[in-house]
Amino acid sequence: MCGSRRRHARARPSTHGLLRAVDPPDHGRRAPRGARMTPVRRRQDCGPSVLPLFQRELDDEALRAYVLAKDVVYAGGGNTANMPAVWRVHGMDRLLREAYDRGALLCGTSAGANCWAEASSTDSFGPLVNLHGGLGLLSGSVCPHYDVEPGRRPSYRAAVADGSLPGGWALDDGAAALVADGRLTETVSGAAGSHVYRVETDGRGGVREHVVPGRPLG
């Protein structure tokens, strides 16, 4: 998901209170104390870094500068309910929105996909529930693991049908969607049979679900 002035990197806070980020090519500055490199292959034009929020050492001004210097924000899986709550305590919700407005790419998987939307289907409390209160950078709702976790599909469809969740996007494991300026621009699949779906109410107590055509990877 990206804003109108898209760049090719972002920052990412995880459910464990960490901000993993990709620096632009000019990364001569040292990362804050306590940061560590993410386990990815390093390239000259890609400098990943991690910012701990549970052991935060940057003041508000320094934190804003750090986040806005990133091009890519990747949020991993975890607990969808906890992630935005921790971010809001530290003002990260406002900083991430500012980064998005400046063209940063915001992405993630599982809970890290849910967090950008207005609402989602989540197992943050054990059983599947409908959760509102995401960052709202993506209109509507998100449901990950659509094809692999029992109950995901029927639960999400029922929630959209009765209005408990707004219509939105469901993703099989191995599928991904790119949204720019609120519009879906591309979907890709890294596994055979994996798709992105648009799920909306039909206005008669049911849902309309259709596969969004995508591009296979590899």
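For the structure itself, look to the data block above.
Residues numbered from 1 in each chain as written. Predicted model: local features only at pLDDT ≥ 70, side-chain atom pairs only at ≥ 80, totals over all residues. Heavy atoms only, no water.

Help me out: how do you make sense of the overall build of the protein in this one?
Each helix and strand counted, the protein has 5 helices and 14 strands in total. In the protein, which comprises 218 residues, the proportion classed as buried is 47%. Here the analysis covers contacts within the protein between residues at least 6 apart in sequence; of these, 63% occur between residues at least 24 apart. (Helix = DSSP H or I, 4+ residues; strand = E, 2+ residues; numbered from the N terminus. Buried < 20%, exposed > 50% of the residue type's maximum accessible area, 1.4 Å probe, protein only. Contact = heavy atoms within 4.5 Å.)

What should I look at first to understand the sheet that holds strand E6 (residues 117-122) in this one?
Paired through their backbone hydrogen bonds, the strands of a sheet run either parallel or antiparallel. Across the sheet, which stays open at both edges, the 6 strands sit in the order E7-E6-E8-E9-E12-E13 with mixed pairing between neighbours. What marks the edges here is a single partner per strand, and that holds for strand E7 (129-132) and strand E13 (207-212). Neighbour-to-neighbour, the strand axes of the sheet open up by a mean angle of 25 degrees, direction not taken into account. The sheet contact formed by E6 and strand E8 (residues 138-143) spans 3 bridges and is parallel. (Pairing = 2+ DSSP bridges. Axes fitted to C-alpha atoms, helices over the stretch in contact; angles between N-to-C directions.)

Quick question: what am I supposed to make of the pairing of strand E9 (residues 168-171) here?
As defined by bridge partners, E8 adjoins E9 across 3 bridges and the pair is classed as parallel. Within E9, the residue paired with Cys143 across the bridge is Ala170. Taken together, E8, helix H5 (residues 152-162) and E9 form a β-α-β motif whose crossover is right-handed. Judged from the 4 bridges that link them, E9 and strand E12 (residues 196-201) form a sheet pairing that is antiparallel. Note that in E12 the partner of Ala170 across the bridge is Tyr197. (Right-handed = clockwise from strand over helix to strand, strands pointing away.)

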